[in-house]
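# Topology and contacts: notes
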Amino acid sequence: MEPILKFDRVSKHYPNGVHALKEVSLEVTEGEFISVIGPSGSGKSTLLRAINRLIPISGGTVWLDGQTVSNQHGKGLREQRRKVGMIFQNYNLVYSLSVLQNVLHGRLGYMNGFQGVFGLYREKDKREALDLLKELGLEQFSYNRASDLSGGQKQRVGIARAIMQNPKLLLCDEPIASLDPSSAKTIMELLRDMTQKRNIACIVNLHQLDVALKYSTRIIGLSKGEIVFDGTPAQLNDEMIEKIYGTSRENLMIGGNDDDKADTADCA
Amino acid sequence: MNLNSNETAFEINLKPAVAKRTARIPVKCKQKNRFIPVFLGTVAVLTILSLWYLEIDWGKMASRIPDVGEVFWDLAHLDFANMDLVFSSLVETISIAVLSLLYSLILGIIFGMLAAKNVFRIPVLSVVTQSFFTFLRAVPTPVWVLLMLVCLGMGPEAGVAGLCVHTTAFFTKSFAQSFENIPDETIEALEATGANRLSIFTNAILPAALPQIVAWAGMRLETNFSECAILGMVGAGGIGYVISNSLQGYDYGTAGVAILLVFLVAYCIERIFVRIKKKFS
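Residues numbered from 1 in each chain as written. Chains lettered and ligands numbered in written order. Predicted model: local features only at pLDDT ≥ 70, side-chain atom pairs only at ≥ 80, totals over all residues.

The subject of this paragraph is the overall build of chain B. Within chain B, the secondary structure is distributed over twelve helices and zero strands. What you see for chain B is a C-alpha radius of gyration of 29 Å, clearly larger than the 19 Å of a compact globule of 281 residues, by over 25%. Viewed in the frame of its principal axes, chain B has a C-alpha envelope of about 95 × 75 × 40 Å. A burial count over chain B gives 33% of its 281 residues as buried. Here the analysis covers contacts within chain B between residues at least 6 apart in sequence; of these, 73% occur between residues at least 24 apart. (Helix = DSSP H or I, 4+ residues; strand = E, 2+ residues; numbered from the N terminus. Rg over C-alpha atoms; globule rule 2.2 N^0.38 Å. Buried ≥ 20, exposed ≤ 12 C-beta atoms within 10 Å, placed from the backbone. Contact = placed C-beta atoms within 7 Å.)

Printed below as a string of structure tokens:
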């Protein structure tokens, strides 16, 4: 199957001398749910933003849906970007606008200049947005200001905005880092179910190893700008974890798994 | 040994305090800012030079102080005989202030968009726009109105045009700042949807900056109104013309009414915008 996304020896160095990505190569195919894990500063965020060129890369090529992204500008770039939905840790909504308006922002990439500038959305798009909000259980908030929502609800609006783009690929930059455990679970389940249903490939940056193990079909481990692990959750053993985080498993807060309970029992 | 030395130290510390009762504990920073004495000295020298240059006759000024009370007493004798003239010119002044505010709001949003560094991400564009309007702002409003009077002739048009120049320059700078305060992440999120820069501006940056724009507009309407009152005196029509005319004709009663109305309107504008601002935030 033709890959949705292909990185060919992609490098990024920042002007301050940091090498965020070092000749990274990878392929992503339809329907994959990939978690990218690694310590802070390992290049997770850069990797994600290199895909839709929010950060221009310094070397190599990024292929998206059979076309390059890395050398695109203007209209061509915008047409590539709208194929990629994005979700952020801090939701990044426009809080003075209604929930529905925020969801409809996902259509801006498809609208011509005049319609886009004045926010003249098509009735079809509006209906789709309302249906999406219903699916996410936010129907009754459609006409509330986005600032009135709770964190988990804001993130659901973020998901709706990304899905409105009708994307081939969904990028999530630490989507649950600011959420309470219960909202985090809802969001992860929504991400998995909605991408599965629509056959959208999904790449999630995560700090929570247990979440990565539970939801992903594939895990990529980054360390100092290099892929040090790329495989299924089952293949991610203690040795690999140590390689990714540069420290042994005991020194990591992995979260709610059975080992911890056993440890506590031993202590007692 | 240690104890002993401590004791002697204590005694040494104690002795001067007992001997000199006036010695005070210092409270200021040890490192003194050397700029402050230089600044104060310069101000003192400049003040003396100005007084000397202007040859102000303090004696004459003091002898005229009773006149101040007299003039205000005359002003307080409100004369409502010319009410229709006062009222129509007040309406004219308000209209000039409102019109110039409205035009400047539209122009300010457009130029503010060009001047903000995060909207189009073309550094040259924002630098050029910013510096052009800095130049316009450096010239005060009455000068612009006088220039417009020369170009457009006497009347309210010159007032509107002159006020617009300065107000637009002011709005361009303040709106650009408000736009730049919108978090980069919000803009990034819209970029990721494939929206173009102008759509990002109208759909995200502008709505997010709207409360600040309203606040700036309210503040500026107040300023424009009071400036408009002054501008009448240079010939741009409105209540200022009535005030200066009646003062020159010793018609203090009419001038008093006009001044009181200016005060009332300015106060009302402020109160109204305080309310609007509360609703917006």
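With that out of the way, let us pick up the overall build of chain A. Helix and strand content of chain A: ten helices and ten strands. The globule rule puts the C-alpha radius of gyration for 268 residues at 18 Å, and the 19 Å found for chain A is close to it. Seen through its principal axes, chain A has C-alpha atoms that stretch 60 × 45 × 40 Å. Scored against the burial criterion, the 268 residues of chain A give a buried share of 43%.

Below, the discussion takes up helix 4 (residues 65–76) of chain B. Here helix 4 of chain B contains twelve residues, and its C-alpha end-to-end distance of 17 Å stays within 8% of the 16 Å for a straight helix at 1.5 Å per residue. Where burial is concerned, little of helix 4 of chain B is hidden: zero out of the twelve residues are buried. (Expected span 1.5 Å × (residues − 1).)

Here the focus is the interface of chain B and chain A. Each partner contributes residues to the interface: chain B has 19 residues there, and chain A has 24 residues. Looking at the side of chain B that touches chain A, the elements with two or more residues in it are helix 9 (184–192) and helix 10 (197–231) of chain B. In terms of residues, the side of chain B that touches chain A owes the most to one element, helix 10 of chain B, which gives eight residues. Of the residues assigned to the side of chain B that touches chain A, the class counts are nine nonpolar, seven polar and three charged. (Nonpolar A, V, L, I, M, F, W, Y, C, P; charged D, E, K, R; others polar.)

All names here are of chain A. Within the open sheet, the four strands sit side by side as 2-1-4-5. Their pairing is antiparallel. Strands with a single pairing partner mark the edges of an open sheet, and in this sheet they are strand 2 (19–28) and strand 5 (67–68). Relative to strand 5, strand 4 (residues 59–64) is paired through two bridges, and the arrangement is antiparallel. Counted as the bridge partner of Trp-63 is Thr-68 from strand 5. Sitting on the sheet, helix 1 (residues 44–51) is in contact with strand 1 (5–13), strand 2 and strand 4, with an inclination near 55° to strand 2. (Pairing = 2+ DSSP bridges. Axes fitted to C-alpha atoms, helices over the stretch in contact; angles between N-to-C directions.)

Before going further, it helps to examine the pairing of strand 3 (residues 33–37) of chain A. Note on strand geometry: in a regular strand, side chains alternate between the two faces of the sheet. Residues and elements named next belong to chain A. Summarising burial for strand 3: four of the five residues are buried, a large majority. For strand 3 and strand 8 (residues 201–205), the ladder comprises four bridges, and the chain directions are parallel. In the sheet register, Val-36 faces strand 8, and the bridge partner there is Asn-205. In this sheet, strand 9 (residues 218–223) lies alongside strand 3 in parallel orientation, the contact comprising four bridges. Looking across to strand 9, one finds that Ser-35 is bridged to Ile-219.

All names here are of chain B. Positionally, Ala-169 belongs in helix 8 (residues 156–180). Ala-169 sits in the buried class, given 24 other C-beta atoms within 10 Å. Look past the residues within four positions of Ala-169 in its chain and what remains in contact with it is Phe-133, Leu-136 and Arg-137.

For chain B, the assigned domains read domain 1 (2–54) and domain 2 (73–280). Taking the mean C-alpha position of each, domain 1 of chain B and domain 2 of chain B sit 48 Å from one another. (Domains from an automatic or database assignment.)

Within the largest apolar cluster, 132 residues are counted, with the highest numbers of intra-cluster contacts made by Val103(A), Ala160(A), Leu171(A), Cys202(A), Phe179(B) and Ile205(B). The element that contributes the greatest number of residues to this core is helix 10 of chain B, accounting for 15 residues. Ignoring anything within four residues of it in the chain, the contact list for Val103(A) reads Ala129(A), Leu132(A), Leu133(A), Val157(A), Ala160(A), Arg161(A) and Met164(A). (Core = buried A, V, L, I, M, F, W, Y, C linked by C-beta atoms within 7 Å.)

All right, on to the sheet that holds strand 7 (residues 169–173) of chain A then. Residues and elements named next belong to chain A. Spatial strand order, 6-7-8-3-9-10: six strands in an open sheet with mixed pairing. Whereas interior strands pair on both sides, the edge strands pair on one side only; in this sheet they are strand 6 (84–87) and strand 10 (226–231). Taken pair by pair, the neighbouring strands of this sheet meet at an average axis angle of 20°, ignoring direction. Contacts between helix 9 (residues 238–245) and the sheet are confined to strand 3, strand 9 and strand 10, with strand 10 contributing the most and set at about 155° to the helix.

To continue, consider the domain arrangement of chain A. Residues and elements named next belong to chain A. On domain assignment, one finds that chain A holds domain 1 (1–83 + 169–183 + 191–268) and domain 2 (89–166). Here domain 1 and domain 2 have C-alpha centroids that lie 26 Å from each other. Every contact between the two is made by 13 residues of domain 1 and, on the other side, eleven residues of domain 2. At three residues, helix 7 (residues 181–198) tops the list of elements feeding residues into the side of domain 1 that touches domain 2. Residues belonging to the side of domain 1 that touches domain 2 are distributed by class as follows: six nonpolar, two polar and five charged.

Residues and elements named next belong to chain A. Here Pro-233 lies in the loop between strand 10 and helix 9. Judged by the 15 C-beta atoms lying within 10 Å of it, Pro-233 falls in the partly exposed class. Along the sequence, Pro-233 and Arg-218 sit 15 residues apart, while their C-alpha atoms lie 6.1 Å from each other.

Moving on, we come to the pairing of strand 9 of chain A. Residue and element names in this part refer to chain A. Note: strand 9 against strand 10, five bridges, orientation antiparallel. Bridge pairing in strand 10 places Ile-220 opposite Asp-230. The hairpin formed by strand 9 and strand 10 contains two residues between the paired strands, and Lys-224 there has a positive phi angle of roughly 50°.

Turning to helix 6 (residues 151–164) of chain A, a few remarks are in order. Residue and element names in this part refer to chain A. For helix 6, with 14 residues, the first-to-last C-alpha span of 20 Å sits near the 20 Å given by 1.5 Å per residue. In terms of residue burial, helix 6 counts as a mostly covered element, since twelve of its 14 residues are buried. Of all the residues in helix 6, the buried ones are Gln-153, Lys-154, Gln-155, Arg-156, Val-157, Gly-158, Ile-159, Ala-160, Arg-161, Ala-162, Ile-163 and Met-164. Downstream of helix 6 by one or two residues, Asn-166 has phi in the positive range, about 55°.

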